[in-house]
Amino acid sequence: MTELAKTFDPSAIESRWYGHWESTGAFRPSRPDSEPFTIVMPPPNVTGSLHIGHALDNTLQDILIRHARLQGKDALWVCGTDHAGIATQMVVERQLNEHQQKRTDFTREDFIAKVWEWKAESGGAITGQLRRLGASCDWANERFTMDEGFSNAVIKVFVELYNQGLLYRDKRLVNWDPGLKTAISDLEVETVEVNGKFWHLKYPLEDGSGNISVATTRPETMLADMAVAVNGDDPRYRAVIGKLVRLPITGRLIPVIADEHADPELGSGAVKITPGHDFNDFEVGKRAGFKPADMLNMLDAEARVVQTADGLIPAEFLGLAVKEARDKVVTLIDAAGLLEKVEDRVIQTPFGDRSGVVIEPWLTDQWYVDAKTLAQPAIEAVRSGAIKVVPQTWEKTYFNWMENIQPWCVSRQLWWGHQIPAWFADDGRVFVAENEAEAQALAGAGVTLTRDPDVLDTWFSSALWPFGTLGWPEETMALQRHYPNDVLISGFDILFFWDARMV
């Protein structure tokens, strides 16, 4: 008779039984005549490891899917991983750096091949951990956001949204990461309190009648100022609205404009407007009639000073990093007698959560989704009860984000991801199609085309998860039977970044 062990060791028992259940199809939907029940797992990053949030989230899903099976339903728990554009590219680039190599030492195709090699060797850690946790997913149909079928769905949606006028190319401000050299989403920006300064500068009126005092935490951006804004109801400045001031250092003339953005109670009541480097200023500039194409950009992709379109930045500034340019601007303005005072101030400063560098608002051409239009039926779906948010208190967060939604920047300056299906002609025309042959047909014979090198934001791809994983755009049996899904369980922190975008 075998003696029982004094302590229970679950590892051998659990791994044996889990392997048996998976191999015998115990987790597969196999009741075609029963009521379907479907859950899609929020796809964890392929670079990730299981953490306590994953453990809780997936345990709750596992309880629901096992309960549905016991009720006799045709239960499907869709599983898979997200290609995690920036995170995965960084992992592979770090490996290259260990061998004194960098991404640009390779062609795009060769680098992507290296990412696929990494994925094959190391990209399945989290799915192994989910099995170890006991998650009863349909692993036979595991999906990956970069697999061929899902990629076809992503490209098709991009083209359809473009043809419907809901996706377009535009010049706007983005969160630019000078370390990664790509636009990033709000989710990837961490705001940190940093000890800084508040500089009060004097801008002389062109007619010699005096100065206007402005206060700023970023004096270096005055090299690209396009206006000074005052509040139209502020009696101190009514007489100067419409006049011109002469920028120190560059000597450029810029107008004094009236805009509600200028708070009479804050500082001097007058603010410098740099539409190419500040999100609020961008909106002020548009209201003042400045076209984005005419807004001045004084930084390059590495956040170093470059010449603006007006050509008035002195050569001694060109190539300087932001901090160096700031110090030089302050020194020159002080020498000119136009520095009034400097105050210590704690400044809310944006940093890239992966690169750790200061994020720059940067004016670039990117691809955008008309999120406001797409949000309307999504708002109605929750208001009508067609979709329920549990707990209901989170509806307020959902509505607040949806009702104030901004155009969604979906392009990223990376190599790993779904390359944008757009081709440019030499004259600037753009042709969006599912493949190069279709783009060439749109452009006409003899037109040389170059494909957009950018890739899509991972959130754009993963927003198609509920139906892309079921075979769409093909009319598969799984799609007909298991879409729409019954329930989604996710962290509250991605309620708007992912859940809302899926809706």
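Here, the structure is the one placed above.
Computed from a predicted model, the values in this text were never measured in an experiment. (Residues numbered from 1 in each chain as written. Predicted model: local features only at pLDDT ≥ 70, side-chain atom pairs only at ≥ 80, totals over all residues. Heavy atoms only, no water.)

Concerning the environment of Ala-55
And then number 1: Note that Ala-55 resides in helix H2 (residues 52–70).
And then number 2: Since its relative accessible area comes to 15%, Ala-55 is described here as buried.
And then number 3: Counting along the chain gives 179 residues from Ala-55 to Asp-234, while the straight-line C-alpha distance between them is 57 Å.
And then number 4: Apart from the residues within four sequence positions on either side, Ala-55 is in contact with Leu-50 and Leu-133. (Helix = DSSP H or I, 4+ residues; strand = E, 2+ residues; numbered from the N terminus. Buried < 20%, exposed > 50% of the residue type's maximum accessible area, 1.4 Å probe, protein only. Contact = heavy atoms within 4.5 Å.)

Looking at helix H4 (residues 108–122)
And then number 1: The end-to-end C-alpha separation of H4 is 21 Å, in line with the 21 Å expected for 15 residues at 1.5 Å each.
And then number 2: Those residues of H4 lying buried are Arg-108, Phe-111, Val-115 and Trp-118. For H4, the angular spread of the buried residues around the axis is 80°, confining them to a single face. Across H4 from its buried face, at more than 90 degrees, point the exposed residues Glu-109, Ala-120 and Glu-121. (Expected span 1.5 Å × (residues − 1). Arc of directions from axis to C-beta.)

Notes on the side chain of Asp-452
And then number 1: On the secondary structure map, Asp-452 appears in the loop between strand S19 (449–451) and strand S20 (455–456).
And then number 2: Under the relative-accessibility criterion, Asp-452 is labelled buried at 2%.
And then number 3: In terms of polar contacts, Asp-452 uses its side chain to reach the backbone amide nitrogen of Asp-454, at 2.9 Å.
And then number 4: Ignoring any residue separated from it by four or fewer positions in sequence, one finds Asp-452 in contact with Arg-169, Trp-367, Gln-419, Ile-420, Ala-422 and Phe-424. (Polar contact = N/O pair within 3.5 Å; in protein donor to acceptor, adjacent residues only side chain to side chain.)

Things to note about the nonpolar core
And then number 1: Formed by 48 residues in total, the largest nonpolar core has its most connected members in Phe-158, Trp-367, Tyr-398, Met-402 and Phe-460.
And then number 2: The biggest single contributor to this core is helix H6 (residues 148–163), with eight residues.
And then number 3: Excluding its chain neighbours within four sequence positions, the residues that come into contact with Tyr-398 are Ala-378, Ile-379, Val-382, Leu-495, Ala-500 and Val-503.
And then number 4: Among the nonpolar cores identified, the runner-up in size contains 44 residues, and Val-174, Val-214, Leu-339 and Tyr-368 belong to it. (Core = buried A, V, L, I, M, F, W, Y, C linked by side-chain atoms within 4.5 Å.)

Regarding unusual backbone geometry
And then number 1: With an omega of -5°, the peptide bond between Val-390 and Pro-391 qualifies as cis.
And then number 2: Here Pro-391 lies in the loop between helix H9 (371–383) and helix H10 (395–403).
And then number 3: Each neighbour pair has its own omega, and for Trp-472 with Pro-473 the value is 15°, a cis peptide bond.
And then number 4: Note on placement: Pro-473 falls in the loop between helix H13 (465–468) and helix H14 (477–482).

Quick word on the pattern of salt bridges
And then number 1: Enumeration over the complete set of coordinates arrives at 30 salt bridges.
And then number 2: Arg-28 is paired through a salt bridge with Asp-138; the nearest N and O atoms lie 2.6 Å apart. Of this pair, Arg-28 sits in the loop between helix H1 (10–23) and strand S1 (36–40) while Asp-138 sits in the loop between helix H5 (125–133) and strand S4 (143–144), and the two are 110 residues apart along the sequence.
And then number 3: Overlapping salt bridges bring together Arg-218, Glu-220, Arg-326 and Glu-360 as one network. (Salt bridge = Lys/Arg side-chain N within 4 Å of Asp/Glu carboxyl O.)

The quantities given are spatial measurements derived from coordinates; they are silent on function.
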